[in-house]
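Chain and residue survey
Listed below are the residues making up each chain.
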Amino acid sequence: MNDRMASDLDEETLTTVTQIFKAVSDATRVRILYLLSQKECSVSEIADILKLQQSTVSHQLSFLKQLHLVKARRSGKTIYYSEEDEHVMNLLAQTIDHALHNYKKSRE
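Not measured: the values here are computed from a predicted model.

At a minimum axis distance of 10 Å, the contact between helix H2 (residues 27–38) and helix H4 (residues 54–66) shows a crossing angle of 80°. With respect to each other, H2 and H4 are oriented roughly perpendicular. When H2 is examined against H4, the residues Thr28, Arg29, Ile32, Leu33 and Leu36 are found in contact with a partner set consisting of Thr56, Val57, Gln60, Leu61, Phe63 and Leu64. Split into classes, the residues belonging to the contact of H2 with H4 amount to seven nonpolar, three polar and one charged.

This is the structure:
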């Protein structure tokens, strides 16, 4: 980490950090983010792959889009979603790797 003091964090930064952790504390959103880290998808593709209702996917994407974790691109009538924040996606990937590592260790 850098030399920034905890007291240097302003309320806006703290709120953003808290919202990001809230976003990745939900299993459905983690699944969506993980999928979008691998490829761009439409709502229907996400729903089919993750076996979710399209309304659920749309609701979660709206939440993630507000936080700038995903972005949207329109092609004709279809909207495609992809990752937007590389920092959060790296954090997610590292957390998944950590969980898998600990799981493997516990199985030994």
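Still more ground to cover, so stick around.
A separate point is the pairing of strand E3 (residues 78–83). Pairing of strand E1 (residues 41–42) with E3, which is carried by two bridges, proceeds in the antiparallel orientation. Residue Ser42 lies in a different strand from E3, and its bridge partner there is Tyr80. With six bridges joining them, strand E2 (residues 70–75) and E3 adopt antiparallel strand pairing. Paired with Arg74 across the two strands is Ile79, which belongs to E3. Adjacent in sequence and paired antiparallel, E2 and E3 are bridged by two residues, among which Gly76 carries a positive phi angle near 65°.

This part covers helix H1 (residues 11–23). Note that an α-helix has 3.6 residues per turn; residues three or four places apart therefore point the same way. The terminal C-alpha atoms of H1 lie 18 Å apart, and with 13 residues this matches the ideal 18 Å at 1.5 Å per residue to within 8%. A side-chain oxygen of the first residue of H1 lies 3.0 Å from the backbone nitrogen of Glu12; this N-cap is Asp10.

What counts as what
- Residues numbered from 1 in each chain as written.
- Predicted model: local features only at pLDDT ≥ 70, side-chain atom pairs only at ≥ 80, totals over all residues.
- Heavy atoms only, no water.
- Axes fitted to C-alpha atoms, helices over the stretch in contact; angles between N-to-C directions.
- Helix = DSSP H or I, 4+ residues; strand = E, 2+ residues; numbered from the N terminus.
- Parallel < 35°, antiparallel > 145°, perpendicular 65-115°, else oblique.
- Contact = heavy atoms within 4.5 Å.
- Nonpolar A, V, L, I, M, F, W, Y, C, P; charged D, E, K, R; others polar.
- Pairing = 2+ DSSP bridges.
- Expected span 1.5 Å × (residues − 1).
- Polar contact = N/O pair within 3.5 Å; in protein donor to acceptor, adjacent residues only side chain to side chain.

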